[in-house]
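Structural characterization, general
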Amino acid sequence: MAITGTGCSVIGMAGSTADKMADRYTFKDHNREKQIFLSRLLIGGIVVLVLFALLITRLVYLQVFEHEYYSNKSDGYRIHIQPVPPNRGLIYDRNGVLLAENKPSYTLTLTRENAGDMDASLQLLGSIIQFTDEDEEKFRTRLKRRSVPFSSVPVRFNLSEEEIASIAVNQFRLPGISVEAQLVRNYPQGDLFAHAVGYLASISEEELKQVDQVNYKGTHQIGKMGIEKYYEDILHGTVGYETVEKNARGQIMQVLDRTDPIPGQDIVLNLDINLQKAAVEALGDFRGGVVVLDPTDGGVMAMVSKPAFDPNLFVEGISKTDYAKLNDRTETPLFNRALAKYSPGSTVKPFLGLAALETGTRTREYTIRDPGHFRLDGDSHIYHDWTWWVSKNGHDLVNLEKAIYQSCDIYFYDLATDMDIDTMHDFMFRFGFGRNTSVDIPQASNGVLPSRQWKRNALGLPWYPGETLNSSIGQGYTEASPLQLATATMLIANKGKWYQPALLRKVGTDSEVIQRTSYLPDIQLKNPDDWNLVANAMRDVVHKKNGGYRNNGTAWPYIENMGPMPYEMAGKSGTAQVVGMAADFDNDAEVPEKYRDHALFISFAPANDPKIVVAVFVEHGEGGSSVAGPVARKIIDTWLVEEGQLKPQFQPVPDGSSSLITSLSP
Amino acid sequence: MEILEYGRQGTELGYGLEPDRSIWTRLHIDLPLLIALTVMLGFGLMVLYSATDGNMPELERQVALIGLAYVVLFAVAQLEVRTLRQWAPWLYLGGLCLLVAVLVMGDSAKGAQRWLDFPGLPRFQPSEVMKTIVPLTVAGFLARGSMPPKFLNVLGALVILGIPAVLTSMQPDLGTALLIAVAGVFVLLLCGVRWKLVFTALGLAMAAIPALWIFYLQDYQKQRVLTFLDPESEPLGAGWNIIQSKTAIGSGGLYGKGWLNGVQSRLDFLPEGQTDFIVAVLAEEFGLLGMLFLLMLYSVIIGRALYIGAMAQDLFSRLLAGSLALTFFVYVFVNIGMVSGLLPVVGVPLPLVSLGGTSIVSLMLGFGILMSIHTHKVTRLGY
């Protein structure tokens, strides 16, 4: 019995003896086996009954004896935990001007559980306030996505005073509907900062998967573009909680406990509202992009793309008609021209000039005679200088300096025969071409900096010598964004000192300006004086005048003639072909707008102590010097000049030790 | 004495079929069981309709899977018991492969890899099917020997049930792993394994709990146990479900709030209200009477299954039928015990009611086996 245990006690002695037999012999005793099995099954059945009885007891306890307690708990007050969304951080420009704020706005909401006949309410709503079918459709989508019971769902945003009043009058006919005050993102500067600051809009389900879902409980919107997107983590803050008691109708009876949300941090940008306005104004009716950098720290002081859009349209959901307007094929206001890639044209010449000196491909004295056209050995194609379209002749004797201030194409074609495309690539790459070097502008284009490797990867084709010629004047495959051009220009202004362009100036209005160390190595030239030569040539682009036939800076007549300049400016124009023109093209004929050349201008000022770097791209602006140049000057004037005088903080350093011009040979 | 089983004996010795067998027996259907199952599934759909708030796509999917489950039931019922027994090792090996596949390439839901997603096939959980395959295999293994099983055979059976249980626990799905193990253990117990062994094993298991707690349990599993011990300690997290389900059950009272009128359960814990916590919806809407009706249906099903086990003619059939009946009871008890706060929260659906097809198909497969056992009997002529 000790061996077989309690199980066998059920079947008694017969089982016990059979058990002992089974130990000795290996035959099956079917009757005995059936007995063992039945006894075990019986035990199982008893256990089942006992446990079922236990369940029933438990249910009777809960549903009969404790019924009243739970019934009260269910029907009476209920404790709800509701998230309290944090206030989003504000965005300021460098002067403390508000670029993004949170404005109280009145939202009509509905709580499904209390609404009764919802369809009737919605119909009534349509007759007392503006409530379109589109509004209703959006509301129903939001209602479906709702996960927390007794939570309200927005019906319509941005109620006017009159609408609030008429809802109040009809309140008794609209059960479950209430008006809630909410803070809504507002961009007081309208479209001025649209491309730089970006905008906030409803979180999509995919975005919700990528964020901390607990922290975004109660948050309906997320940064979709620009600063609002990049610094979402800083701006958002941490969600708070409120424990409230609600009655069965969903009304809050009392707040039991509250954990305050931690508001998002305010951020201050390097952008300057005056420069931003000046850039928009200077572009006039043209479309284009402007990037202004502070060469002393790489701060982006202006980033303008024209035309722009009103970011406020997106905050409460953009209507179809408004969105259609923003997708206009020609205007493309959503497209950020400051960050998009274009052929840089002749603006690459200062950099290639530096490359020529640095690699020893050219000396400063090396001079060519330019007849206005150029032919590559073994190639029937004739490459013309830009002067050819003006008067069928060339620049005559040209050295590197003149090749820059006169923008001589033939000099660079000649250089291209001695300089490999990969050498050009490697040198230009150090200036940030072909990559995005920004700190916080991930949407900026990488541009295209062609090399043999690039062409093999991108097009699967070998490199042809004629393409090096195109690259030497910033045409062909070469493409760069205004941001890249500004960055590279800043490197000339800084003599190779790298600062990566950044929009964020500081986090918190009272904190220190962020000091960044560039992860990109400064550009060290074998002969540092080469910086001065190129900078001087760029100064000549704007200021070399009265030099006689074919000896003035290309931009001088346009920029200096705008009025007295209390500072000197260095620059380089670029005019990028949109389509190729035949050699016998009649220059006086009207070109349709979409075929007109793009105009570019890169510049920094004051030339001897750079405080501002400006890159201008004017879409179909035709003249780099004539159209883009004056835009750059207007922007620089805004920053440096006050009533015809240099602003006090930008006065040149008296001892001249940092002066660029003084170290130049005459 | 010859070791022959009744089935083989029957054919060889010329036993014939009973002449007046009913149409149901000839169709290999056990009518009482079929009726009870059908009423159960119908009632389950009704509750599910309320719990899903009338979500038709989900319900249609459930109905389609129930349809599939019936097909599986009828198909399995046609098989001879010994055919099932011959298949058992292969089904078992196939199941193991699927479990390994889940670990390697499974689709994860709620932090655990439990699903297999083959293109063109509906998603399913191999561990659910294992709940039926394991007792089948263990019964086949133990039925080769005599009763009570020898120590080595007990060890062999433990290995057979242990491998899939461990694989399932690695997904990690401790609840299902335990249920797979339990199904195998029931076969052992029914087979008459000595109580001394049983109590020794129980003692060892008790002793192993601290080690299990420290080295094996995942944080969320520990949390569930802790929450069970003191639900109020975490009213917003894991304790929320228990508090809410108790409130739902309790507020249902004797008669319930009426179908589709449940407030508490439908509004406050929607995430699990259609699956593991569906009994709370039922208890709130149909009250104690509804729960008693539910338990009565389960009792009928379990009782009939036990009866089929008791009436079975060979060791394999008995072990299998008894184990299936008792395992089914365990599902019911664990689920209702969990939702009413008697047991810690383990992810066990309410059998035949909760949303989720693999479980229903797997259960109906089991009932198909029971019907096969009951209707493929050989009777002596003139007996």
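Small disclaimer: the values here were computed from a predicted structure and weren't measured. (Residues numbered from 1 in each chain as written. Chains lettered and ligands numbered in written order. Predicted model: local features only at pLDDT ≥ 70, side-chain atom pairs only at ≥ 80, totals over all residues. Heavy atoms only, no water.)

When you go through chain A residue by residue, the secondary structure sums to 24 helices and 24 strands. When each of the 666 residues of chain A is scored for burial, the buried share is 51%. Taking the intrachain contacts of chain A between residues at least 6 apart in sequence as the baseline, contacts between residues at least 24 apart amount to 73%. Accessible area for chain A stands at about 30,200 Å²; split by element, carbon and sulfur atoms hold 52% of it. (Helix = DSSP H or I, 4+ residues; strand = E, 2+ residues; numbered from the N terminus. Buried < 20%, exposed > 50% of the residue type's maximum accessible area, 1.4 Å probe, protein only. Contact = heavy atoms within 4.5 Å. Areas by Shrake-Rupley, 256 points an atom, 1.4 Å probe, with all protein chains shown as cover.)

With that out of the way, let us pick up the sheet that holds strand β14 (residues 299-306) of chain A. All names here are of chain A. Pairing in this open sheet of 5 strands is antiparallel, and the strands run β14-β13-β22-β21-β20 from one edge to the other. The sheet is open, and its two edges are formed by β14 and β20 (570-576), each paired on a single side. Strand-to-strand twist in this sheet, taken as the mean axis angle between neighbours without regard to direction, amounts to 5°. Bridge count between β20 and strand β21 (residues 598-605): 7 bridges; the pairing is antiparallel. Bridged to K572 within β21 is I602. (Pairing = 2+ DSSP bridges. Axes fitted to C-alpha atoms, helices over the stretch in contact; angles between N-to-C directions.)

Of the residues in chain B, 81% have a pLDDT of 70 or more, and the chain-wide mean is 80. Under a pLDDT of 50 for its full length, residues 1-19 of chain B has, in the predicted model, 21 contacts with residues more than four places off or in other chains. (pLDDT = per-residue confidence, 0-100.)

With that settled, consider helix α5 (residues 81-105) of chain B. Residues and elements named next belong to chain B. Look at α5: 34 Å from first C-alpha to last across 25 residues, which is about the 36 Å you get at 1.5 Å a residue. Along α5, the sharpest change in direction is near 40° and occurs at W87; proline P89 comes one to four residues later. Restricting attention to buried positions, one finds in α5 the residues V81, T83, L84, R85, A88, Y92, G95, L96, L99, A101 and V102. (Expected span 1.5 Å × (residues − 1). Bend = angle between axes of the 7 residues up to and from the residue.)

Here the focus is the packing of aromatic side chains. Summed over all chains, the structure comprises 26 aromatic pairs over all chains. Here the aromatic rings of Y411 of chain A and F412 of chain A are separated by 5.5 Å at their centres, their planes lie at 70°, and the arrangement is edge-to-face. Of the two residues, Y411 of chain A and F412 of chain A, both sit in the buried class. With a centroid separation of 5.4 Å and 65° between ring planes, the pair formed by F43 of chain B and F286 of chain B is classed as edge-to-face. Here F43 of chain B, found in helix α3 (residues 31-51), pairs with F286 of chain B, found in helix α14 (residues 278-311); they are 243 residues apart in sequence, far enough to count as distant. Comparing F43 of chain B with F286 of chain B, the two get one shared label, buried. Every member of this aromatic cluster is reached through a ring pair, and the members are F351, F427, F431, F433 and W531 of chain A. (Phe/Tyr/Trp six-rings, centres within 6.5 Å; stacked < 30°, edge-to-face > 60°.)

All names here are of chain A. This model, assessed by the stated rule, comprises 33 salt bridges over all chains. Here R287 and E619 are joined by a salt bridge, their closest N and O atoms 2.8 Å apart. Placement of R287 in the loop between α11 (273-283) and β13 (288-294) and of E619 in the loop between β22 (612-618) and α24 (624-640) is noted, with a sequence separation of 332 residues between them. Accessibility expressed as a relative area gives 10% for R287, which makes it buried. Here E619 falls in the buried class, since its relative accessible area comes to 11%. With its nearest N and O atoms 2.6 Å apart, the salt bridge here joins E568 to R539. (Salt bridge = Lys/Arg side-chain N within 4 Å of Asp/Glu carboxyl O.)

All names here are of chain A. In terms of burial, helix α20 (residues 465-472) is largely enclosed, as 6 of its 8 residues are buried. Three or more residues of α20 are buried, namely G466, E467, T468, L469, S471 and S472. For α20, the elements touching its buried residues are α14 (349-358), β16 (373-375), β17 (382-384), α17 (409-418), α18 (421-429) and α19 (452-459). With its phi angle positive at about 70°, G474 sits one or two positions after the end of α20.

With that settled, the discussion passes to the environment of K257 of chain B. All names here are of chain B. Assignment of secondary structure puts K257 in the loop between α11 (238-252) and α12 (264-268). In this structure K257 comes out as partly exposed when scored by relative accessible area, which is 22%. In sequence terms K257 and G287 are 30 residues apart; their C-alpha atoms lie 7.2 Å from each other. A distance of 2.6 Å separates the side chain of K257 from the side chain of E284, its partner in a polar contact. (Polar contact = N/O pair within 3.5 Å; in protein donor to acceptor, adjacent residues only side chain to side chain.)

Moving on: the environment of G184 of chain B. Residues and elements named next belong to chain B. Its location among the elements puts G184 in helix α8 (residues 174-190). With 139 residues separating them in the primary sequence, G184 and S323 have C-alpha atoms 7.6 Å apart. In this structure, G184 is in contact with V134, V138 and L161, ignoring residues within four places of it in sequence.

Quick look at unusual backbone geometry now. Across the junction of K306 of chain A and P307 of chain A, the peptide omega takes the value 0°, indicating a cis bond. As for its position among the elements, P307 of chain A is in the loop between β14 and α12 (312-315). Following A605 of chain A, the chain continues into P606 of chain A via a peptide bond in cis, with omega recorded as -15°. In this fold, P606 of chain A is placed in the loop between β21 and β22. Phi is positive for E622 of chain A, close to 70°, though the residue is something other than glycine. Inspection of the secondary structure puts E622 of chain A in the loop between β22 and α24. The backbone of H28 of chain B sits at a positive phi, close to 65°, despite the residue not being glycine.

Of all hydrophobic cores here, the largest spans 133 residues; its most connected members are V290, F431, M569, I612 and L640 of chain A. Residues within four places of L640 of chain A in sequence aside, it is in contact with Y567, A605, P606, K611, I612, Q645, L646, K647 and F650 of chain A. One finds L319, L355, I369 and L370 of chain B within the second-largest nonpolar core, a separate group that totals 118 residues. (Core = buried A, V, L, I, M, F, W, Y, C linked by side-chain atoms within 4.5 Å.)

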